[in-house]
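# What the coordinates show
Chain by chain, the residues:
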Amino acid sequence: MESMQITIEGKELTISNPHKILWPESGITKLDYIHYLISVSPYLLAYTQNRLLTMIRFPDGIDGKSFYQKEIPPFAPEWMERAFYSDKNWILLNDIATLVWVANLASLEIHVPFDQYVKPDYPTELTLDLDPMDTDNFDLVREIALKSREVIDSLGLFSVIKTSGATGLQVYIPIEPRYTYEEARLINTFIARYIAEKNPRKVTLERMVKKRGKHLYFDYLQLWRGRTLPAPYSVRAKPGATVSTPLEWAEVEKEITPADFTIRTVPERLKLKGDLFRFVTTEKMNQGLDEILVFIKGAELTRV
């Protein structure tokens with residue numbers, strides 16, 4: 001079986017089957033994938049630091065079978081950072097060597113939770129996941145994302161948006177990590193209900209897929225303990241090797257699609273625009289929620 005040796009951060013790694021094609025439609029190999037991850041590693045790792053890693057592995061590429069892996073494999077190297085949580089040993093995706101090691105397992109999607117292991121149960125952001133049922137109608141996703149921003153702005157909060165890398169958009173509101181998931185969900189719920197009430201023919205909060213019809217699903221519940229979303233700059237196991245890519249809000253006003261942002265286009269985009277997710281990571285805006293929570297709790301009492 002073909003393999004190659006590379007040195008990353010002083011660690012010797014074996015890459016098995018480096019020329020194996022993982023995205024057949026685009027001819028993207030495992031080595032292409034690893035080169036991409038190394039190129040975006042400063043930005044991807046800025047978010048995954050000290051977060052419990054969930055890998056989605058595709059040993060035979062995106063057209064083959066896949067499986068989720070959360071527990072660290074027993075053959076993982078001793079140098080790899082790890083954490084024990086909920087009866088499992090997890091990988092902490094904290095460095096490039098670990099990122100490459102994970103990629104060698106054909107982990108084509110990198111998902112992490114909303115809190116850090118060093119401070120569990122306190123999310124580092126609010127997150128809204130806009131998931132269309134009609135995958136050909138990205139204009140609706142953009143429309144609802146922009147309406148969501150208006151609501152978020154009215155609450156005096158700053159937000160960042162990224163593609164899911166699949167069919168939707170995800171809005172992140174960086175916050176101080178001192179609010180519980182229960183408190184975070186109060187604000188998520190308030191925003192979601194407002195958007196759904198104002199757009200009843202376009203938006204649903206229905207969790208059951210078969211009851212959503214053609215409506216866009218405004219997912220405010222994903223933000224919770226143990227749940228995850230793809231990390232920014234994670235590739236997705238989709239045709240074209242699309243990437244979960246941070247955007248400028250002005251771009252959302254244009255006729256963009258998730259297919260515009262791929263393993264081949266994102267590295268150059270980063271050179272031109274820089275890291276648009278930095279206000280969630282390296283230049284994090286630690287926004288307080290105290291006044292908003294007082295307002296929402298008061299509104300709930302009035303409603304009752």
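Counting from 1, residues in each chain are numbered in the order their sequence is written. Thresholds applied to this predicted model are a pLDDT of at least 70 for local features of residues and 80 or more for the giving and counting of side-chain atom pairs; totals over whole chains, interfaces and linings are not thresholded and use all residues. Processing note: side-chain calculations cover all non-hydrogen atoms of the structure and skip hydrogens and water entirely.

## Thoughts on the pattern of salt bridges
Salt bridges, as used here, are contacts in which a Lys or Arg side-chain nitrogen is within 4 Å of a carboxyl oxygen on Asp or Glu. One pass over the full model with this rule turns up 14 salt bridges. For D60, the salt bridge identified is with K20, shortest N-O distance 3.2 Å. Of this pair, D60 sits in the loop between β5 (54-57) and β6 (67-69) while K20 sits in the loop between β2 (11-16) and β3 (21-23), placing them 40 residues apart in sequence. Each residue gets one of three labels from its accessible area relative to the maximum for its type: buried under 20%, exposed over 50%, partly exposed in between, using a 1.4 Å probe on protein chains only. The exposure class assigned to D60 is exposed, which follows from its relative accessible area of 54%. In this structure, the salt-bridge partner of E268 is K271, at a minimum N-O distance of 3.9 Å. Of this pair, E268 and K271 both sit in helix α6 (residues 266-273), separated by three residues, roughly a single helical turn. With relative accessibility at 66%, the residue K271 sits in the exposed group. Bridged by salt links that share partners, the residues D121, E182 and R225 form one connected network. The secondary structure listing takes helices from DSSP runs of H or I that are at least 4 residues long and strands from runs of E that are at least 2 residues long, numbered from the N terminus.

## Considering the UniProt feature "domain: DNA ligase D polymerase" (unreviewed entry) in the protein chain
Within this numbering scheme, the UniProt entry marks residues 29-277 as carrying the feature "domain: DNA ligase D polymerase" (unreviewed entry). Secondary structure content for residues 29-277 is 30% helix and 20% strand, and the end C-alpha separation is 27 Å. UniProt positions are given in the numbering used here, feature names are shortened, and annotations may be inferred rather than shown by experiment.

## Re the environment of F279
Along the chain, the position of F279 falls in the loop between α6 and α7 (290-303). A residue is classified by how much of its surface remains accessible, and F279, at 24% relative accessible area, is partly exposed. Spatially, the C-alpha atoms of F279 and T180 are 21 Å apart, while their sequence positions differ by 99 residues. In what follows, a contact means two residues having at least one pair of non-hydrogen atoms within 4.5 Å. Once you skip the residues sitting within four places of it in the chain, F279 turns out to touch F158, V160, P174, K284 and M285.

## Considerations on the layout of surface pockets
Both cavities and pockets are sets of points on a 1 Å grid over the protein atoms alone; in a cavity a 1.4 Å probe fits but cannot get out, in a pocket the set is open with protein on both sides within 12 Å along at least five of seven lines, and lining residues sit with an atom within 4 Å of a point. Grid points are joined across faces, edges and corners, and a volume is the space filled by probe spheres set on the points. One number sums up the size of the largest pocket: a volume of about 440 Å³. Taken together, 26 residues make up the lining of the largest pocket; nearest its centre are Y68, H111, L229, P230 and R236. When residues in the lining of the largest pocket are grouped by element, the largest group, three residues, is from strand β10 (residues 125-132). Of the residues belonging to the lining of the largest pocket, the class tally is nine nonpolar, nine polar and eight charged. Annotation comment: domain bounds sourced from an automatic or database domain assignment. Of the residues that make up the lining of the largest pocket, three or more belong to each of domain 1 (3-112) and domain 2 (125-298). By volume, the second largest pocket is sized at about 220 Å³. Lining the second largest pocket are 14 residues, and of these L52, Y85, W90, P113 and G226 sit closest to its centre. Just so you know the grouping, Ala, Val, Leu, Ile, Met, Phe, Trp, Tyr, Cys and Pro go in nonpolar, Asp, Glu, Lys and Arg go in charged, and all remaining residues, Gly too, go in polar. Per-class residue counts for the lining of the second largest pocket are six nonpolar, five polar and three charged. Lining the lining of the second largest pocket are residues from two domains, each supplying at least three of them: domain 1 (3-112) and domain 2 (125-298).

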